[in-house]
Amino acid sequence: MQDTLRITEVFYSLQGETRTAGLPTVFVRLTGCPLRCQYCDSAYAFSGGTVRTLDDIVEQVAGYRPRYVCVTGGEPLAQPNAIPLLERLCDAGYEVSLETSGALDVSAVDPRVSRVVDLKTPGSKEAHRNRYENIELLTRNDQVKFVICSREDYDWAVSKLIQYGLDRRAGEVLFSPSHHDLNARDLADWVVADNLPVRLQLQLHKYLWNDEPGR
Ligand SMILES: C[S@@+](CC[C@H](N)C(=O)[O-])C[C@H]1O[C@@H](n2cnc3c(N)ncnc32)[C@H](O)[C@@H]1O
Ligand SMILES: Nc1nc2[nH]cc(C(=O)O)c2c(=O)[nH]1
Ligand code: SF4
Ligand SMILES: [Mg+2]
């Protein structure tokens, strides 16, 4: 029996988020997630999907001849074979990123991968799932993200930024407005007013392609 993963989709698009926003990227979206964030834009990945071998997935990715590959979901780390998939993608020479909820242990992820760890805010309704031990593991190759739903979430994110010195630990601290919950302009104004060492990120793919799956 070969190693397998349950996969919702593999597609080639422009990275809409993080430090590689705007760069052509292959996305591998793994099926299933143990969380239920109030705002989740990828709920179609909670179930269904197709069981595929790692060989088959790696072969499809190679067909796009990408430079960047992003493994997302669902929650990728909920499937143990996400770890060997990430390693194989690094071995193939791609610049690999992992989008993860921060609720699962990120220690086994290949260090060549840029781990994008989302610290769940109170507005997500899943903040009790945050695994704060992950923060100690972060390096300058990693990124921390806050998806912010309200002024209360913003104040909470600023308190975590200061408490953990996140801008010194991770290569990027990303503040992203929760799409539909918070006006990007308000968040931009708060970040400037407070002179924060963070990057405002908008979800580029939602401006380009609305919320279509596979883009
Ligand atoms: C769909 S999740 C998949 C990976 C992983 N489960 C996680 O939460 O990081 C990818 C990223 O999209 C973000 N996201 C989901 N819905 C969003 C929304 N409505 N507005 C802004 N970001 C959103 C998540 O917070 C997460 O950072
Ligand atoms: N274009 C595009 N960029 C993305 N970056 C992170 C995504 C995700 O759903 O995790 C995503 C996505 O779904 N599409
Ligand atoms: S952890 Fe990620 S995939 Fe799961 S519900 Fe939250 S945003 Fe959606
Ligand atoms: Mg998405």
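Only a predicted model underlies this, so the values are computations on that prediction, with no experimental measurement involved.

Draft legend 1. How the structure looks around the UniProt feature "binding site: [4Fe-4S] cluster" (unreviewed entry) in the chain. In this numbering, the UniProt entry assigns the feature "binding site: [4Fe-4S] cluster" (unreviewed entry) to Cys 33, Cys 37 and Cys 40. Within the secondary structure, Cys 33 sits in the loop between strand E2 (24–30) and strand E3 (50–53). Setting aside its immediate chain neighbours within four residues, Cys 33 contacts Phe 46, Gly 74 and Glu 75.

Draft legend 2. The arrangement of helix H2 (residues 82–91) in detail. Looking at H2, one finds that the buried residues are Ala 82, Leu 85, Leu 86, Leu 89 and Cys 90. Projected down its long axis, H2 shows its buried positions confined to an angular sector of 135 degrees, all on one face. In this structure, the buried residues of H2 make contact with strand E1 (4–14), E2, helix H1 (54–63), strand E4 (68–72) and strand E5 (95–100). Of the residues one or two after H2, Gly 93 is the one with positive phi, at around 100 degrees.

Draft legend 3. A look at the UniProt feature "binding site: substrate" (unreviewed entry) in the chain. The feature "binding site: substrate" (unreviewed entry), as given by UniProt, occupies Leu 14, Gln 15, Gly 16, Arg 29 and Thr 72 in the numbering adopted here. Position of Gly 16 relative to the elements: it lies in the loop between E1 and E2. Gly 16 gets classed as buried once you look at its relative accessible area, which sits at 2%. Look past the residues within four positions of Gly 16 in its chain and what remains in contact with it is Ala 21, Leu 202, Gln 203, Leu 204 and His 205. In this structure, Thr 72 sits in strand E4.

Rules of the game
Residues numbered from 1 in each chain as written. Chains lettered and ligands numbered in written order. Predicted model: local features only at pLDDT ≥ 70, side-chain atom pairs only at ≥ 80, totals over all residues. Heavy atoms only, no water. UniProt positions renumbered as here; feature names shortened; annotations may be inferred. Helix = DSSP H or I, 4+ residues; strand = E, 2+ residues; numbered from the N terminus. Contact = heavy atoms within 4.5 Å. Buried < 20%, exposed > 50% of the residue type's maximum accessible area, 1.4 Å probe, protein only. Arc of directions from axis to C-beta.

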